[in-house]
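Tertiary structure, described
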Amino acid sequence: MKKTTFACLLGAASLVAGTAQAAEMGAVDQPIKLAVNEWTGQHVTTHIAGEMLKAAGYKVEYVTAGMMNQFQAIADGEIHATLEIWSSNVSDEYANKVAEGTVVELGDLELAAKEGIAYPAHVAELCPGLPAWEALKACAPLFATAETLPSGRLVDYPADWGTPGADRMTGLELPFKAVPAGSEGALIAELRASTERKTPLLITFWQPHWAMSAYDVQFVDLPVGEEACFNDPAWGPNPNAVNDCDFAPSRIFKAAWSGTAETWPAAFEILSNYTLAVEAQQPMMGAVDVDGGKVEEVVAAWMAANEDSWRPVVDAATK
């Protein structure tokens, strides 16, 4: 594909300054440790938050942590905050830690999000009837590979992100085998190869993501994801199973170790009031994944160009 220069788009303002009261700085000699999970958007989100904390006068460390298994480390105070939790994939452990009071929620990140079963636009020509999900019943052999025969192949999220694609194939009784991607990069490689070769592909995917604009990606129309779908087998087209519907609308939010507010009061306010718009995140993701930029450099360029967007959040908590 033609390389797109996303870096030129970094000037768009995006942060929304929340209302905050100036707070004590707390233990400025102790580093605040932020979780870095497995996808580029989360890296961007986290490094912006970290640089805001540094601008306030804090020390920051970035700690690699699996999205599904990070909450014990946060509860133990080994990691102090995680900045991009997707409600559709959050583990039960998160709810348990919040209930016991060792992890506290910091509010919404406010990214406009969608998850679903997707395909490159050309696949609609290969599988007439798309985007209706019922079309996949007849077209499944088109998506089959040696490892999935006689079923079609769905490229699902990496294994440690959960199994949302597999859950929907089971719930809707679609003849597809879900194969976990090895990484976010592997998902993108699948999209790129399918687009360039015009081959069949069914994939679990999401937005915000730079690939949604770099490639023409469409979502399958599934039954609306309502709470009853996930708890009551009688709801939906399959009376014998749950998950026979689309993803629930995704909420993207933040959380922290329960001791964060006491240890670093101003930092807690900054992280609580920090939000990020999809119009800012997606170009930065593209600047990293398409243009080959380093996260640190891309974030630094955005922050230099948009200080009037993020600085008020820092000032409100520290002055």
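The shown structure was predicted, so the numbers you read here are calculated from the model rather than taken from an experiment. (Residues numbered from 1 in each chain as written. Predicted model: local features only at pLDDT ≥ 70, side-chain atom pairs only at ≥ 80, totals over all residues. Heavy atoms only, no water.)

A word on the pattern of salt bridges
Here is the rule: By definition, a salt bridge exists where a carboxyl oxygen of Asp or Glu is found within 4 Å of a side-chain nitrogen of Lys or Arg.
In this structure the tally under the stated criterion is 9 salt bridges. Three or more residues are tied together by salt bridges with common partners; here these are E105, D108 and R251.

Some details on the sheet that holds strand β8 (residues 202-207)
Each strand in a sheet pairs with its neighbour through backbone hydrogen bonds, running either in the same direction (parallel) or in the opposite one (antiparallel). Defined as follows: One bridge is not enough; two strands pair if DSSP finds at least two bridges between them. Helix numbers and strand numbers start at the N terminus; a helix is a DSSP run of H or I with at least 4 residues, a strand a run of E with at least 2. Simply put, an axis is a line fit to the C-alpha atoms, just over the touching stretch for a helix, and the angle between two N-to-C directions goes from 0 to 180 degrees. Throughout, a contact is declared for two residues whenever any of their heavy atoms are within 4.5 Å.
Across the sheet, which stays open at both edges, the 5 strands sit in the order β7-β6-β8-β5-β9 with mixed pairing between neighbours. Edge positions in the sheet fall to β7 (176-180) and β9 (217-219), since each has one partner strand and no second. The sheet shows a mean angle of 40° between the axes of neighbouring strands, direction not considered. The sheet contact formed by strand β6 (residues 152-156) and β8 spans 2 bridges and is parallel. Following the sheet pairing, V155 is matched in β8 by I203. Of the strands in this sheet, β5 (114-120), β6, β8 and β9 are in contact with helix α7 (residues 184-197), which crosses β8 at around 115°.

Topic: the nonpolar core
For soluble globular proteins, the rule of thumb is that nonpolar side chains tend to be buried together. This is how it is decided: In these notes, a set of buried Ala, Val, Leu, Ile, Met, Phe, Trp, Tyr and Cys residues joined through side-chain atoms within 4.5 Å is what counts as a nonpolar core. Three exposure classes are used, based on accessible area relative to the maximum for each residue type with a 1.4 Å probe and protein chains only: buried under 20%, partly exposed in between, and exposed over 50%.
The biggest cluster of nonpolar side chains holds 62 residues, and the ones touching the most others in it are I48, M52, L53 and F205. L154, M169, L172 and L222 belong to the second largest nonpolar core, which has 20 residues in total.

Things to note about the pairing of β5
Counting buried positions along β5 gives 6 out of 7 residues, so the element sits mostly inside the fold. Taken together, the 5 bridges between β5 and β8 define a ladder with antiparallel strand orientation. Following the sheet pairing, I117 is matched in β8 by T204. Relative to β9, β5 runs antiparallel, the two being bridged by 3 bridges. Residue pairing for β9: P120 is matched across the bridge by V217.

Some points on the pairing of strand β10 (residues 252-257)
Burial runs high along β10: 5 of the 6 residues are buried. In this structure, strand β3 (residues 81-86) lies alongside β10, joined through 4 bridges in antiparallel fashion. The residue bridging I85 from the neighbouring strand is F253, located in β10. Bridge count between strand β4 (residues 103-108) and β10: 5 bridges; the pairing is antiparallel. Looking across to β10, one finds that V104 is bridged to A256.

As for the confidence of the model for the protein chain
Short version of the rule: pLDDT measures the predictor's confidence residue by residue and takes values from 0 up to 100.
Model confidence for the protein chain is summarised by a mean pLDDT of 91, while 93% of its residues fall at 70 or above. Here residues 1-14 scores under 50 on pLDDT; set against residues more than four positions off or in separate chains, the count is 38 contacts. Here residues 16-20 scores under 50 on pLDDT; set against residues more than four positions off or in separate chains, the count is 11 contacts.

Some thoughts on the packing of helix α12 (residues 278-289) against helix α13 (residues 295-305)
Formally: What sets the label is the angle itself: under 35 degrees gives roughly parallel, over 145 gives roughly antiparallel, 65 to 115 gives roughly perpendicular, and the rest give oblique. Handedness of a crossing is defined here by the sense of rotation of the near helix relative to the far one, left-handed for an anticlockwise turn of less than a right angle and right-handed for a clockwise turn. Side-chain classes follow a simple rule in which Ala, Val, Leu, Ile, Met, Phe, Trp, Tyr, Cys and Pro form the nonpolar group, Asp, Glu, Lys and Arg form the charged group, and the remainder, Gly included, forms the polar group.
For the pair α12 and α13, the least separation of the axes is 9 Å and the interaxial angle reads 140°. Comparing their axes, α13 and α12 come out oblique. Both α12 and α13 take part in a crossing whose hand is right-handed. Contacts between α12 and α13 involve A280, M284, A287 and V288 from the first element and V295, V298, V299 and W302 from the second. Within the contact of α12 with α13, the residues separate by chemical class into 8 nonpolar, no polar and no charged.

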